[in-house]
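Summary of the model geometry
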Amino acid sequence: MRVVKVPLGKRSYSIQIAPGLLARLGAECRKLGLGRRCAIITDTNVAPRFAKAAAGSLKKAGFEPVLIIVPAGEQSKSLKTVAACFDQLAAHRLERGSFIVALGGGVVGDLAGFVAATYLRGVAFVQVPTTLLAHVDSSVGGKVGVNLRAGKNLVGAFHQPRLVLCDLNTLRALPAREFRAGLAEVIKYGIICDAVLFRRLERDLGKLLAQDPKMLSYVVARCCEIKAEVVGRDETDSGPRAILNFGHTIGHAIENSAGYGRYLHGEAISLGQIVAAALSQELLGLPPADAVRIGKLLAAAGLPTRFRLTPKLRRSLLAAMRLDKKVSGGKVKFVLAEKIGAVRWGQSVPERALQRALDKLAR
Ligand SMILES: NC(=O)c1ccc[n+]([C@@H]2O[C@H](COP(=O)([O-])OP(=O)(O)OC[C@H]3O[C@@H](n4cnc5c(N)ncnc54)[C@H](O)[C@@H]3O)[C@@H](O)[C@H]2O)c1
Ligand SMILES: [Zn+2]
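Summary of the structure given here. The model shown is predicted, which means the values in this text are computed figures rather than measured ones. (Residues numbered from 1 in each chain as written. Chains lettered and ligands numbered in written order. Predicted model: local features only at pLDDT ≥ 70, side-chain atom pairs only at ≥ 80, totals over all residues. Heavy atoms only, no water.)

**With respect to the layout of surface pockets**
Which entries qualify depends on this criterion: A cavity here means a set of points on a 1 Å grid, drawn over the protein atoms and nothing else, where a 1.4 Å probe fits but cannot get out; a pocket is an open set with protein on both sides within 12 Å along at least five of seven lines, and a residue lines either one if it has an atom within 4 Å of a point. Grid points are joined across faces, edges and corners, and a volume is the space filled by probe spheres set on the points. Helix and strand labels come from DSSP, where a helix needs a run of H or I of at least four residues and a strand needs a run of E of at least two; each type is numbered from the N terminus. Each residue gets one of three labels, nonpolar for Ala, Val, Leu, Ile, Met, Phe, Trp, Tyr, Cys and Pro, charged for Asp, Glu, Lys and Arg, and polar for the others, Gly among them.
Approximately 220 Å³ is the volume attributed to the second largest pocket. Residue lining of the second largest pocket: 12 residues in total, with Ile274, Ala291, Gly295, Arg306 and Lys360 positioned closest to the centre. Elements with a contribution of two residues or more to the lining of the second largest pocket: α10 (265–284) and α11 (288–300). Taken together, the residues that form the lining of the second largest pocket break down as six nonpolar, three polar and three charged.

**Topic: the nonpolar core**
So the rule is basically this: Each nonpolar core is a collection of buried residues, namely Ala, Val, Leu, Ile, Met, Phe, Trp, Tyr and Cys, held together in the definition by side-chain atoms within 4.5 Å. We call a residue buried when its accessible area falls under 20% of the maximum for its residue type, exposed when it is over 50%, and partly exposed in between, using a 1.4 Å probe and counting protein chains only. Two residues qualify as a contact provided that any one of their heavy atoms is within 4.5 Å of a heavy atom in the partner residue.
Counting 84 residues, the largest nonpolar core has Ile254, Leu279 and Phe307 as the members making the most contacts within it. Top contributing element to this core by residue count: helix α8 (residues 213–233), with 12 residues. Beyond its immediate chain neighbours, meaning those up to four positions away, Phe307 contacts Ile254, Ala258, Tyr263, Leu271, Leu313, Leu317, Leu361 and Ala362.

**Brief notes about the side chain of Asp234**
The condition that has to hold: Counting rule applied: Lys, Arg positive; Asp, Glu negative; His and chain ends not counted. Salt bridges are defined by distance alone: a side-chain nitrogen of Lys or Arg within 4 Å of a carboxyl oxygen of Asp or Glu.
When you line up the elements, Asp234 lands in the loop between α8 and α9 (248–257). With no salt bridge to any partner, buried Asp234 finds its closest opposite charge in Arg241, at an N-O distance of 6.4 Å. The residues touching Asp234, leaving out its near neighbours within four places in the chain, are Gly239, Pro240 and Arg241.

**So, the packing of aromatic side chains**
Test applied: A pair of aromatic rings is counted whenever rings of Phe, Tyr or Trp (Trp by its six-membered ring) have centres within 6.5 Å, and the orientation is called stacked for planes under 30 degrees apart, edge-to-face for over 60 and tilted otherwise. Here, a charge over a ring means that NZ of Lys or CZ of Arg falls within 6 Å of the ring centre while also lying within 35 degrees of the ring normal.
For the structure on display, the rule yields three aromatic pairs. Look at Phe63 and Phe99: their rings are 5.2 Å apart centre to centre, the planes differ by 80°, and that puts the pair in the edge-to-face class. One end of the pair, Phe63, is in the loop between α2 (47–60) and β4 (64–70); the other, Phe99, is in strand β5 (residues 99–104), with 36 residues separating them in the sequence. Positioned over the ring face of Tyr189 is Lys188, at 4.9 Å from the centre of the ring. The positively charged end of Arg200 is found above the aromatic ring belonging to Tyr218, 4.4 Å away from the centroid.

Structure representation (structure tokens):
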């Protein structure tokens, strides 16, 4: 088993990574000294696969879990679902000492984490991620929240989990397209922090796609280490944590402009990284060979690297970027790469450069 520590003083916790960890959920929660009553929040796709094992493990360790199942999909990251969860927690008399287990992908993690942050002014929670994106990204770092009609993640909190349990076996049930979408974030970690990880991905991508246990646990642990280190330096996202947004300014704009549901988050972030690499080449001297490697690796992972850019879509992309919540003082700030493994955040980008970078995407 690999263990990664998230260093946050009193709020520190560990991320455990191995196949088969779900069976240990109860025993690990025991060690944390949590109250007997707890709720497992999960979704309609994950529940039939893993809820029984999670509940069984908790019961065996002496806990009394109740199961709350929300519809699968981004729509469940809503205040309406939050209210429905509150009602069920209250009906089952969960108390201050009780805790919540988030069993699922990033949607369940963000929702259940927000419920945990706010129910009775905050109860403990444990993340049991079941998508690759949640293993390497959303379950770590304590950003929890839901969407408003006006936009994604507009209501939320920082609420760190007490434990993250990455059972690599859960990823076997994940649709291939979802797994590949998670790889966009994995590749991002290589670009922002770790040239060795990037090279290893180039060399052993086949093993990773086949979910070779050794390769998978190395990759998940390395990504978690990078995220833990960044979060340890900047828990509340006031500066350096921005590097985790490489490819995301354009990626979010594509998610919002291309019509909801067309691209998965990771797919949009793949396109965003192509644009960010082109901008990096022009503005920060990213070697052209590195930009080529980034494009090749994303394509090899089965992610989109080209985009049909109509004039209308181009206009709405630029408008969406200006609306991005990371815009400060009216200027869109980008994370750009100097080379694979090193980035700089807070970079201003002239609109003409952005136009040229978008042209690369359309080619
Ligand atoms: N909090 C953060 O720091 C952070 C970071 C990145 C993304 N996010 C959020 O994460 C969300 C996206 O997460 P996601 O990509 O995991 O999406 P998701 O939770 O919707 O999961 C994707 C799909 O896979 C299904 N699924 C999950 N695990 C499965 C399994 N093991 N087998 C079969 N099906 C399974 C889900 O039911 C869903 O249909 C977004 O809302 C995004 O805003 C949060
Ligand atoms: Zn992302």
